[in-house]
Amino acid sequence: MTTTEAAPPRHAAGPLPRAREKMGRRFAYAFLILSIIPILVGYAWLVIATVSFRTQGLLPINAEGGIGGFTLANWDFVFEGAIWSAMLNSLLIAVFMVIGVGIASTAGGYALSRMKFTGRKAFLTGTLVLHAFKAEMLLIAIFFVLRFLGDIPIIGDYIGFNTVGGVALVMVALELPLGIWLMKGFFDNLSWDMERAALIDGASRFRVWWQIMVPQVRPGIAALSLFTFIVGWNAYLVPFTFTIGTKVANMPVFLNQLISDTAPVNWNLVAAVGLFQMIPLIIFFIFTQELLLNIYAGGSKGT
Amino acid sequence: MRVELDNLSKAWDEVVGADHITLDIADGELVAFLGPSGCGKTTTLLMVAGIYKPTGGTISFDGYVVNEVAPKDRGIGMVFQSYALYPHMSVFGNISYPLRLQKLDKGDIKRKVQTVADMMGIGDLLDRRIAQLSGGQQQRVALGRALVKEPQLLLFDEPLSNLDARLRLTMRGEIKRLQEGLGITSIYVTHDQVEAMTMADRIAVMSNGVLQAYDVPATLYDRPKTLFVAGFVGNPPMNFFDVEIMRVNGDFRAKSEAIDLVLPHDRGEKAASADGKVIMGVRPEDVDLADDASPPAEGVTLIGQVEVVEPLGREDLVGVGINGADMRVLVDKSRGVSVGDTITLVFNTSRIQFFDPETEQSLLWA
């Protein structure tokens, strides 16, 4: 009884709660739309610029200064070999990184999560501290290491200075601290019981890892692979520093070479190459969207 | 298989998990490790399984010390509280896993898995994924996986704690029947004393890593050797009072401000051996309400006020205040006790327990 009597004053104060809620939601949407407009404008320019002779703001301009002047000339680069070689190099670096970081992090993360060994704690803090070092600080030292690796007979031709393998190796090393910590976290969340059950069932420690534990962290491996792939695909600083010329350049380096030439920069060409670089990632995202949502929601539905 | 633990200990840097546990388990026996959480029962079990390495003492199976033997070579099967099933495998995949690791013939594996699954009543679920099963079915799969390799020793780590009360009752009987039928020596870890009392041939009561008592359930209940055992075994728990034992006119009396009871001669004499002050233990069912028809003997009654009544169905659990001392007694529902009543309690003094307050050892069953 008392509750029904107490209710009316609340309603009398203003619009009904539902109406108020609706208004609040409209405000939220308006705010969100306003705040993404700059980003949308940026992407719109990117797309428009690739098919225009020139642009003024978002408007394509022809040679006479009027609106118009659509052209596909900016996309002529797809018929040249250089872009495909750069794309292949990007792909090689990204794939090599996914495999290298994936294997090393899954194995290392498990060991750090489950095993006791001397130096475990030092290793954990060490990797964390190392992760804080920016790659820029290490460039000169890495250069010497790559020069040294290049002097090794036979394999030196693949992992030394100015090789895709060398770049990939450096990128893997720089990415490992994050990968190991990420995978350690995933293993930390698994119960010990499953592992114990497998040991009692007769599995060796390696088999427990491979057959029982790794399948449980597949969402983690998927997330790490995706993340690593993007890092590898977009890698710029390390490839730029440790490669010379176009033969071993990857996509971002190739893009940079377009700009740093002494001739006036053709921004519409740069935009086209930039968009071209994004295409594989966009396709990739479209197909893995659902999986990604699962991973970031922390669900184990992926298993 | 006969299992012997001899001074088995496990300590981490500063934490002691198990402290000089010594006990033996006969072939085909089901022994329960009973104690509150953190008492070391699971630690001890995991040492028997070979997952934890003991820091002292030995574990022997049939007279052979197995301290250094790997878990997979101990011939054991284990069932976990969390089931610990492999979620990425089917029911068949889970149950057959131990056999696949033994590299048995495919036909043999299929036959054995089917036999075990039928025995567990999950023969028609072999193709299911683990996530599609109910808790009870998952528990059966876990049990099947432990049984399929025909272990010499079965280890249970609180296997029923995650099931609902009704299912727990069914599974309790089923596990016991299965274990007896197959004659497999078993260790059953639980914090549920009803489970331990109903299932185990013998119960090892543990607290703080120490083995408090190891005996058949009835003896633990009727003749608790320590204060801890008396308080832990039995539900609702035993009531404890600080009293002094005095000799008045040849009778032994347990006295405090609230209490004055005449004791049977044998119990009184043993209780009096500890310099007067003792802890007296009375089980809730060892007290009755006075009946007008047959007036009780002198010196076995106390008068108290009813403070709480908790209906348990068949009986009421009644909280009574006796001059400031509180106790809980089980009263037949037909007596219709209600809060505020003044009632006369008749003590069954031949079942009262006495403990030394210093050592917490029983004065009756030392």
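Coordinates for the structure precede this section.
As the structure is a computational prediction, the values presented were derived from the model and not from experiment. Numbers given to residues run from 1 along each chain, matching the order in which its sequence is written. Starting at A for chains and at 1 for ligands, labels are handed out in the order in which the entities are written. Local features are withheld for residues below a pLDDT of 70 in this predicted model, meaning they are given only at 70 or higher, and side-chain atom pairs are given and counted only at 80 or more; totals for whole chains, interfaces and linings count all residues.

Asker: Can you tell me about the sheet that holds strand β7 (residues 153–157) of chain B, naming the residues and giving the values?
Answerer: Residue and element names in this part refer to chain B. A pair of strands is treated as paired once DSSP finds two or more bridges between them. Only DSSP runs of H or I with at least four residues qualify as helices, and only runs of E with at least two residues qualify as strands; both kinds are numbered from the N terminus onward. Here we have 6 strands laid out as an open sheet, ordered β6-β7-β8-β3-β9-β10, and mixed in their pairing. Of all strands in the sheet, those with a lone pairing partner are β6 (76–79) and β10 (210–215), marking the two edges. Along the sheet, successive strands turn relative to each other by an average axial angle of 15°, direction set aside. As judged from the 5 bridges shared by strand β9 (residues 202–207) and β10, these two strands associate in the antiparallel manner. Looking at the pairing, M206 lines up with L211 of β10. The axes are straight lines fitted to the C-alpha atoms, using for helices just the contacting stretch, and the angles between their N-to-C directions are given from 0 to 180°.

Asker: Can you break down helix α8 (residues 192–201) of chain A residue by residue, with the values?
Answerer: Residues with at least 20 neighbouring C-beta atoms inside 10 Å of their own are called buried, those with 12 or fewer are called exposed, and the rest are partly exposed, where every C-beta is derived from the backbone. In terms of burial, α8(A) is a largely internal element, 8 of the 10 residues being buried. Taken together, the buried positions of α8(A) are A:M194, A:E195, A:R196, A:A197, A:A198, A:L199, A:I200 and A:D201. On the buried face of α8(A), the contacting elements are α9 (205–216) of chain A together with α1 (41–49), β6 and α2 (91–101) of chain B. A:G202 sits one or two positions beyond α8(A) and adopts a positive phi of about 115°. By the criterion used throughout, residues are in contact when their C-beta atoms, derived from the backbone, lie within 7 Å.

Asker: Please give an account of the interface of chain B and chain A that cites residues and values.
Answerer: In this assembly, 16 residues from chain B lie in contact with 13 residues from chain A. The set of elements that each furnish at least two residues to the side of chain B that touches chain A consists of β6 and α2 of chain B. The leading source of residues in the side of chain B that touches chain A is α2(B), at 3 residues. Residue classes in the side of chain B that touches chain A are distributed as 12 nonpolar, 3 polar and 1 charged. Three classes are used: nonpolar for Ala, Val, Leu, Ile, Met, Phe, Trp, Tyr, Cys and Pro, charged for Asp, Glu, Lys and Arg, and polar for all others, with Gly counted as polar.

Asker: For the environment of B:R145, give the residues involved together with the corresponding values.
Answerer: Residues and elements named next belong to chain B. With respect to the element layout, R145 can be found in helix α4 (residues 135–147). Residues R145 and V91 lie 54 residues apart in sequence; the distance between their C-alpha atoms is 9.3 Å. Setting aside residues no more than four positions away along its own chain, R145 makes contact with N94, I95, Y97 and P98.

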